[in-house]
Amino acid sequence: MADAKKTEGGMGETLKLLAYVVAWYVGNTYYNIYNKKALNLLHAHWTVAFAQLVVGIVWCIPIWITGIRKAPNLKMGDIMKLAPIGLFAACAHGGSVLAMGAGAVSFAQVVKACEPVFAALVALVITPVEIKSMLEYLMLMVIVGGVG
């Protein structure tokens, strides 16, 4: 009986994960289409990237206020530790928006596929340094190569 519940929960979790992946894929597809249209109209790539980041920040405020998601309790030391990571993440986002405006959507997909490589390199430079297993680094080649 307990095994049956584990199997049901496992299947439910698998379906939930599948739904999340499909939702991400659909959302990402529409993001790419509308982002490319916006960049073709505005020709202001950094402005679009900045506006998207601002919207993300503003989006969090009502979610925290309403309690849908618990607001982070950060001290100044925590913020200082996270600031470089946030800066690099913002730069990576700006780069992907620039790539979207610079050429075909397929080029932007290759640039976005390189983001895990960028994150892995940053993790080797910024403290706390994270050294992953060789298998994890080899998987980055599969990710980027699969898109390319």
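The structure under discussion appears in the preceding block.
Draft legend 1. Spotlight on the overall build of the protein. For the protein, the count of helices and strands is six helices and zero strands. Ordered by position from the N terminus, the helices and strands of the protein form the series α-α-α-α-α-α. In terms of principal-axis extent, the alpha carbons of the protein reach across some 60 × 40 × 35 Å. Going through the 148 residues of the protein one by one, you find that 15% of them count as buried. Considering only contacts in the protein between residues 6 or more positions apart, those separated by 24 or more positions represent 59%. As displayed, the protein has an accessible area near 11100 Å², and 75% of this comes from carbon and sulfur atoms.

Draft legend 2. Representation of the packing of aromatic side chains within the structure. Scanning the model with the defined rule gives two aromatic pairs in all. Taking 6.3 Å as the distance between ring centres and 20 degrees as the angle between the ring planes, the aromatic pair formed by Y30 and Y34 counts as stacked. Residue Y30 and its partner Y34 are located together in helix α1 (residues 2-42), separated by four residues, close to a single helical turn. Take Y30: its relative accessible area is 48%, and that puts it in the partly exposed class. Between F88 and F118 the ring centres are 6.2 Å apart and the planes differ by 70 degrees, which places this aromatic pair in the edge-to-face class. Of the two residues, F88 sits in helix α3 (residues 76-102) while F118 sits in helix α5 (residues 115-125), which places them 30 residues apart along the sequence.

Draft legend 3. Summary view of a nonpolar patch on the surface. On the surface, a cluster of nonpolar side chains totalling about 1100 Å² of accessible area is made up of M11, L15, L18, V22, W24, Y25, V26, Y30, I33 and Y34. Under the relative-accessibility criterion, I33 is labelled partly exposed at 37%.

Draft legend 4. Highlighting the nonpolar core. With seven residues, the main nonpolar core is built from L39, V48, A49, V97, A99, M100 and A108. Elements with a contribution of two residues or more to this core: α2 (45-66) and α3. In terms of residues, this core owes the most to one element, α3, which gives three residues. Among residues more than four places away in sequence, those in contact with A99 are A104, F107, A108 and V111.

Scoring rules and cut-offs
- Residues numbered from 1 in each chain as written.
- Predicted model: local features only at pLDDT ≥ 70, side-chain atom pairs only at ≥ 80, totals over all residues.
- Heavy atoms only, no water.
- Helix = DSSP H or I, 4+ residues; strand = E, 2+ residues; numbered from the N terminus.
- Buried < 20%, exposed > 50% of the residue type's maximum accessible area, 1.4 Å probe, protein only.
- Contact = heavy atoms within 4.5 Å.
- Areas by Shrake-Rupley, 256 points an atom, 1.4 Å probe, with all protein chains shown as cover.
- Phe/Tyr/Trp six-rings, centres within 6.5 Å; stacked < 30°, edge-to-face > 60°.
- Patch = residues over 30% accessible without salt bridge, like charges linked within 9 Å, V, L, I, M, F, W, Y side chains within 5 Å.
- Salt bridge = Lys/Arg side-chain N within 4 Å of Asp/Glu carboxyl O.
- Core = buried A, V, L, I, M, F, W, Y, C linked by side-chain atoms within 4.5 Å.

These figures come from the coordinates and say nothing about function on their own.
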